[in-house]
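Reading the structure
Now for the letters of each chain:
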Amino acid sequence: KYPARVRSIRIPEVSAELCGGTHVSRTGDIGLFKILSDTSIAAGVRRMEAATGLNLIDRFRALEDKTNELSRLLNARVDDLTKRVEGLLGEIQDLKSRKAQAQSGTVEKELGALSGEARASRIGKYVSGRVTAPDAKTLREAGDQLAKMVTPGSGVIWTRFEDRYAAQIVVTPD
């Protein structure tokens, strides 16, 4: 890979490297310099990628264009983008929480209707039906509520979320 004679660079007590890069007369010829990535490629060996000069200016312009586009989309000044995104993330979390509360209320109503349809057997009540639980956690909680409603007895509830069906089977200990 290297010719018979290769230039090496030594910094005493720091490093000794083979020189395989571009040469400049002085560092000012490089212009702007920005490290883009710094990764480990082997034990004690790092790979650094950087942009310099006009290439870096082009990258800065592209970044500025993206930032301005975000500013326009989010209807916020560039200096306020972080605050705006944090606000939107908070709103999303609040909406998710409200949705979960509304769905929980729906599930409770459905369980109440199901418990009214419970059939009696010689070992207790039995009930089955579909609920609109949005996730496995809500379905498990609904199963716990159902167990209290059919004591002594058993029940099966099911739902569909994320394009699959899930069921919760409850049997009371008594």
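Cut-off values and rules
Residues numbered from 1 in each chain as written. Predicted model: local features only at pLDDT ≥ 70, side-chain atom pairs only at ≥ 80, totals over all residues. Heavy atoms only, no water. Helix = DSSP H or I, 4+ residues; strand = E, 2+ residues; numbered from the N terminus. Buried < 20%, exposed > 50% of the residue type's maximum accessible area, 1.4 Å probe, protein only. Contact = heavy atoms within 4.5 Å. Areas by Shrake-Rupley, 256 points an atom, 1.4 Å probe, with all protein chains shown as cover. Lys, Arg positive; Asp, Glu negative; His and termini not counted. Charge placed at Lys NZ, Arg CZ, Asp CG, Glu CD.

The next point concerns the overall build of the protein chain. Within the protein chain one finds 3 helices and 8 strands. Along the protein chain, from the amino end to the carboxyl end, the secondary structure elements read β-β-β-β-α-α-β-β-α-β-β. Each principal axis of the C-alpha distribution contributes one length, and for the protein chain these read about 95 × 45 × 30 Å. Buried positions account for 18% of the 174 residues belonging to the protein chain. When contacts within the protein chain are restricted to residue pairs at least 6 apart in sequence, those whose partners lie at least 24 apart make up 35%. In the form shown here, the protein chain has an accessible surface area of approximately 13600 Å², with 52% of it arising from carbon and sulfur atoms. Each charge class in the protein chain can be summarised by its mean position, and for the 28 positive and 23 negative side chains these summaries are 4 Å apart.

Peptide bonds are mostly trans, and most non-glycine residues show a negative phi. Residue P152 is reached from T151 by a cis peptide bond, and omega for that bond is -15°. The topology assignment puts P152 in the loop between α3 (136-149) and β7 (153-161). In this model, N75 sits at a positive phi of 55°, which is unusual for a non-glycine residue. By the element assignment, N75 lies in the loop between α1 (53-74) and α2 (81-116).

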